[in-house]
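Given next are the chains, with one letter for each unit.
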There are 2 protein chains.
Amino acid sequence: MEKLKNRIQNQGRIIGTEIVNVDIFLNHQIDVQLFNDIGQEFKRRFENETITKILTIESSGIGLAAIASQYFGFVPVVFARKVESKLLDNEVYLTEVHSFTKNKTSQIRVSKRYITKEDRVLIIDDFLANGNAVLGLCDIINQASATLCGVGIVIEKSFQPGRKKLLDQGVRLESLARINSISDGIINFED
Amino acid sequence: MEKLKNRIQNQGRIIGTEIVNVDIFLNHQIDVQLFNDIGQEFKRRFENETITKILTIESSGIGLAAIASQYFGFVPVVFARKVESKLLDNEVYLTEVHSFTKNKTSQIRVSKRYITKEDRVLIIDDFLANGNAVLGLCDIINQASATLCGVGIVIEKSFQPGRKKLLDQGVRLESLARINSISDGIINFED
């Protein structure tokens, strides 16, 4: 998705050789017009799939998933919760996710009410790096005996193991911008 | 907003006399069509205001703010972060927020890049109870010398002090459903 790559190239702030900060449009400030373009592109790529639910994880995935839903017939969005909340009932699917960015392992949970075995689920998230968050969501879909239709990612860091882990499990992965490397202040995209 | 009150009445799960759980459409599973109705209603109520930015707080406000932005000319959405993240730069507005639901005080932060003194800001959030989250966002707007145009809330628990705190500060508050009390399994709305 050329428009997205241009935004990353022009507005991303590179930190070292592994991080590009895009909080100007993706995960702190949100460009809702761009999110609509992203949602439309996900629809184009998963055109042939019947999706009944979009699953993501708080926080940065929520805006993407909500906007994308509009292109998938307004299917419900469910976001996995990272922390224990008094307001969430006890009947939940639980799994553990390790975040390398934050250097901690946390539980994520989804109420059993909102993912059922009839669901055909599209996972959407902002970044794919080590893949642990997405694998956690896959595990929840599996626990629910629902069908995973695919994973839509905005920015994939292809030099980290997430992509390979998902492809090894036979998951259909669509990443809108794939970064092969970051060197000398230049972001190199997969063509 | 009648449609919203009906959803709360029909789908909310009442817990005691102070909590109604609406995670079926608002803050765990998201009904994106309803979110569009909510966004449109916020636009109707703040029609006369020039808004340049929508500010919310992770996580439940993000989907609401992103969808609402579409009715405010796609103005950028900024969401305050609750936790320290390596990816957020050091130049932030910081404030403290106590959550009664989670019984803990945490810092929230917004990058100084994304709220400036030229901004005319609409705050959007899912719930107003004690008001601490919204007051924290007001404090950030104040630190930025930006203009607070108003606060849009989906569900206000009018029997808790948040409403009064905001009105006492002269804040323009628009709550789409105001709950006066919860008793004997009945939710009583302000007319």
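The shown structure was predicted, so the numbers you read here are calculated from the model rather than taken from an experiment.

All names here are of chain B. For helix H2 (residues 32–45), which comprises 14 residues, the first-to-last C-alpha distance of 20 Å matches the rise-based estimate of 20 Å (1.5 Å per residue) to within 8%. Of all 14 residues that make up H2, ten are buried, and the element is covered over most of its length. Buried residues of H2: Val32, Leu34, Phe35, Asn36, Asp37, Ile38, Gly39, Glu41, Phe42 and Arg45, and no others. Its side-chain oxygen 3.1 Å from the backbone nitrogen of Gln33, Asp31 forms the N-cap of H2.

Attention now moves to the relation of the copies chain A and chain B. Its rotation angle being 180°, the transformation that places chain A on chain B also includes 0.0 Å of axial translation and leaves an RMSD of 0.0 Å. Seen this way, the second copy is the image of the first under a two-fold rotation axis. Residue by residue, 100% of the interface of chain A is reproduced at the interface of chain B, so both copies engage with the same surface.

Here we take up the interface of chain A and chain B. Listed per partner, the contact involves 42 residues of chain A and 42 residues of chain B. Summing both sides of the interface, chain A and chain B together bury roughly 3,800 Å²; the carbon and sulfur share of this comes to 56%. The tally of links between chain A and chain B comes to 22 residue pairs in polar contact (both at pLDDT 80 or more). Looking at the side of chain A that touches chain B, the elements with two or more residues in it are strand E2 (19–21), strand E3 (29–30), helix H2 (32–45), helix H3 (60–69), strand E5 (77–80) and strand E7 (104–111) of chain A. In terms of residue count, H3(A) provides more of the side of chain A that touches chain B than any other element does, six residues in total. Of the pairings in the sheet, the one linking E5(A) to strand E3 (residues 29–30) of chain B comprises two bridges and is antiparallel in character. In the sheet register, Val78(A) faces E3(B), and the bridge partner there is Gln29(B).

With that out of the way, let us pick up the side chain of Gln29(B). Inspection of the secondary structure assignment puts Gln29(B) in strand E3. Overall, Gln29(B) belongs to the buried group, its relative accessible area being 10%. At 3.3 Å, the side chain of Gln29(B) forms a polar contact with the side chain of Lys53(A). With near-sequence residues (within four places) excluded, Gln29(B) lies in contact with Lys53(A), Pro76(A), Val77(A), Val78(A), Tyr114(A), Asp23(B) and Ile24(B).

Attention now goes to a positive patch on the surface. Where like charges cluster on the molecular surface, the positive patch consists of Lys82(A), Lys102(A), Lys104(A), Lys82(B), Lys102(B) and Lys104(B). If you trace the backbone, Lys104(B) turns up in strand E7 (residues 104–111).

Turning next to the confidence of the model for chain A. When pLDDT is averaged across chain A, the result is 94; 96% of the residues are at 70 or more. Here the predicted complex scores 0.96 on pTM and 0.96 on ipTM.

What follows is about the pattern of salt bridges. Under the definition given, this model contains 33 salt bridges over all chains. Of the charged contacts in the structure, one is a salt bridge between Arg13(B) and Asp23(B), with a shortest N-O distance of 3.0 Å. Here Asp23(B) lies in the loop between strand E2 (19–21) and E3 and Arg13(B) lies in strand E1 (residues 13–15), a separation of ten residues in the sequence. Note that Lys164(B) is salt-bridged to Asp168(B), the shortest N-O span being 2.7 Å. Linking Lys164(B) with Asp168(B), this pair stays in helix H5 (residues 162–168), spanning four residues, or about one helical turn. A relative accessible area of 55% means that Lys164(B) is categorised as exposed. Judged by relative accessible area, Asp168(B) falls into the exposed class, the value being 56%. Connected via shared salt-bridge partners are Glu41(A), Arg44(A), Arg45(A), Glu49(A), Arg120(A), Arg172(A) and Glu174(A).

The rules behind each value
- Residues numbered from 1 in each chain as written.
- Chains lettered and ligands numbered in written order.
- Predicted model: local features only at pLDDT ≥ 70, side-chain atom pairs only at ≥ 80, totals over all residues.
- Heavy atoms only, no water.
- Helix = DSSP H or I, 4+ residues; strand = E, 2+ residues; numbered from the N terminus.
- Expected span 1.5 Å × (residues − 1).
- Buried < 20%, exposed > 50% of the residue type's maximum accessible area, 1.4 Å probe, protein only.
- Polar contact = N/O pair within 3.5 Å; in protein donor to acceptor, adjacent residues only side chain to side chain.
- Least-squares fit on C-alpha atoms with pLDDT ≥ 70 in both.
- Contact = heavy atoms within 4.5 Å.
- Buried area = accessible area lost by both parts, 1.4 Å probe.
- Pairing = 2+ DSSP bridges.
- Patch = residues over 30% accessible without salt bridge, like charges linked within 9 Å, V, L, I, M, F, W, Y side chains within 5 Å.
- Areas by Shrake-Rupley, 256 points an atom, 1.4 Å probe, with all protein chains shown as cover.
- Salt bridge = Lys/Arg side-chain N within 4 Å of Asp/Glu carboxyl O.
- Lys, Arg positive; Asp, Glu negative; His and termini not counted.
- Charge placed at Lys NZ, Arg CZ, Asp CG, Glu CD.
- pLDDT = per-residue confidence, 0-100.

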